[in-house]
Amino acid sequence: MTRRRQIRKLGNAAALCLSLLATLIGLVCLGAILWTLVARGLSGLSLQLFTQMTPPPGGSGGLLNAIYGSVVMTILGICIGAPIGILAGTYLAEYGRDDRLSSVIRFVNDVLLSAPSIIVGLFVYEVLVVRMGHFSALAGAVALAIIAIPVTVRTTEDMVRLVPQGMKDASTALGAYPWRTITSVIYPAARSGIVTGLLLAVARVSGETAPLLFTALNNQFWSKDLNAPMANLPVVIFQFALSPYKDWQQLAWSGALLITLSILLLSVIARLIISALPGGKAQR
Amino acid sequence: MSATELAAVAHDATQVLPPKIEARQLNFYYGQIHALKDINLKFEDRSITALIGPSGCGKSTLLRVFNRMYALYPGHRATGDVRLDGESIFAPTVDVAGLRYRVGMVFQKPTPFPLTIFDNVAFGLRLAQRITRARAAERVEAALRDAAMWDEVKDKLTDDARSLSGGQQQRLCIARTIAVHPEIILFDEPTAALDPISTLRIEELLQSLRERYCIIMVTHNLQQAARVSNVTGFMYLGQLVEIGPTGEIFTAPKNRRTDDYVTGRFG
């Protein structure tokens, strides 16, 4: 009896060690990445970054046009992608559930989720850029939307499914039609989960380079025109990092740090908002 | 008319009064499983009927037929008829949401919505009609008073309903159900998840609701059935074995299986 107990104890200790080790490896990697970013990027972080345009090689400048472009295209992309993703996820979790169409949609969505983003870029290039005859911010936003959709579909479906059946039944029993149950009961109950899913989508989208390379391209100058090429952080980082110029490389490091910090900040803000909403605290 | 004559008339009236809701040759299937067999049953208005029986005997299934909750799930079907005030609830013209408006339901686990206490109670009201804030406030207060919890929550109507205790949540769910003025209220083991004191409060509440509603209650708690109901029905293996005045069912049942169950020899 004691022998078996000792073996179990040992097994438990081993499992604990292994999981601790795994956690540690993950944390060390994350820490190393953050450290490199901060160490290399911090020196270039200045007010100039936010007030000046991307410079020609050898000149001094900032990332203003790229920051603006990234923000605009991310917002636009999420605005296009989020409603589609949320509604599709709702269909899968509530209306479709176990029918054949749903399993097909779910499969296609999983494929899209893991599809290389460069393919999305090429697709939008063929469908929009070629037909319009030029690169544009709009095409960039569409490409980002296509990347945001599968993430949103998946998280929305998961979160809606987590809402207890009893709560849905209670709403139905009061005489609510499914759509009313979804908007008045399920969405409030799943709100923090869905918002977190949207944030994941923002995080995923705001770092994407490949799809923008084929759609929004880049623009060295200030442009507000959605119908024209637009600068954006990922592509600027990509181009500047590969360049032989020291100034450009420094800007790329600073840009990378900027993206990382803003995603971090966004997550923190969203969590604060969620916990401030009525019901947010009770849920988490 | 003398008092005795009046009483006689009243007595006659109750005899003649048509049932509020009635099942005729009701059969129910979960796919291949035959869950309810030839149920014939009448429920009177302004009374509490308790349905008792061992787990899996079909009590909850029967309850879910009365507001057609089963229709949510594919493969579930009912044959025979259920008549509410003489009209079939299975008729193709019946609006299911409208039916559920008339036949309310309270579940085993408290199911507060992730809304404020006020919005929880007003939920059903706002479904059926456009209602002004003031009118909604009146109805919400009345429902909370009827559920004997107005004094507990009147100062925190804008709090999240999920911050209430389990017993309070269940009374809130009852308030939410009676706020729409249903005609029938179905209770599916309403106290199974609650502590004894909360259970007692719910039972008192049921007593006070009896005067106005037709109440049908499923319970595993025999003492509860004996304490609360006027009529008790015993179900076993999908069949209604016996139904009668609660006192009779518990002291002098006609069927031996009922006797075995209420005396605790099986089940």
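Calculation criteria
- Residues numbered from 1 in each chain as written.
- Chains lettered and ligands numbered in written order.
- Predicted model: local features only at pLDDT ≥ 70, side-chain atom pairs only at ≥ 80, totals over all residues.
- Heavy atoms only, no water.
- Helix = DSSP H or I, 4+ residues; strand = E, 2+ residues; numbered from the N terminus.
- Buried < 20%, exposed > 50% of the residue type's maximum accessible area, 1.4 Å probe, protein only.
- Contact = heavy atoms within 4.5 Å.
- Areas by Shrake-Rupley, 256 points an atom, 1.4 Å probe, with all protein chains shown as cover.
- Pairing = 2+ DSSP bridges.
- Axes fitted to C-alpha atoms, helices over the stretch in contact; angles between N-to-C directions.
- Salt bridge = Lys/Arg side-chain N within 4 Å of Asp/Glu carboxyl O.

## Thoughts on the overall build of chain A
Next, step 1: Helix and strand content of chain A: twelve helices and zero strands.
Next, step 2: Going residue by residue from the N terminus, the α and β elements of chain A occur as α-α-α-α-α-α-α-α-α-α-α-α.
Next, step 3: For chain A, the spread of C-alpha atoms along the three principal axes comes to 70 × 55 × 35 Å.
Next, step 4: The buried share of chain A, reckoned over its 284 residues, is 42%.
Next, step 5: Partitioning the intrachain contacts of chain A with sequence separation of at least 6 by distance along the chain shows that 72% fall at a separation of at least 24.
Next, step 6: Of the roughly 15,200 Å² that chain A leaves accessible, carbon and sulfur atoms contribute 72%.

## What about the sheet that holds strand β8 (residues 214-218) of chain B?
All names here are of chain B.
Next, step 1: Taken in spatial order, the six strands of this open sheet run β6-β7-β8-β3-β9-β10, and their pairing is mixed. Each of the sheet's edge strands pairs with one partner strand only, and the pair in question is β6 (103-106) and β10 (239-245). Within the sheet, the average angular offset between the axes of one strand and its neighbour, ignoring direction, is 20°.
Next, step 2: As judged from the five bridges shared by strand β3 (residues 47-52) and β8, these two strands associate in the parallel manner. Bridge pairing links S47 to C214 in β8.
Next, step 3: Packed onto the sheet, helix α7 (residues 166-178) meets β6 and β7 (184-188) and runs at close to 175° relative to β6.

## Some points on the side chain of T74 of chain A
All names here are of chain A.
Next, step 1: Along the chain, T74 falls in helix α3 (residues 64-96).
Next, step 2: For T74, a relative accessible area of 11% gives the class buried.
Next, step 3: For T74, the residues in contact, after removing those within four places along its chain, are L144, V202, V205 and S206.

## Comments concerning the pattern of salt bridges
Residue and element names in this part refer to chain B.
Next, step 1: Taken as a whole, this structure holds 26 salt bridges over all chains when the rule is applied.
Next, step 2: Across the pair D188 and R64 runs a salt bridge, and its minimum N-O distance is 3.5 Å. Of this pair, D188 sits in strand β7 while R64 sits in helix α2 (residues 59-66); the two residues are 124 residues apart in sequence, bridging distant segments of the chain.
Next, step 3: What makes R64 partly exposed here is its relative accessible area of 22%.
Next, step 4: Via salt bridges that share partners, K20, D85, R102 and E183 belong to a single interconnected network.

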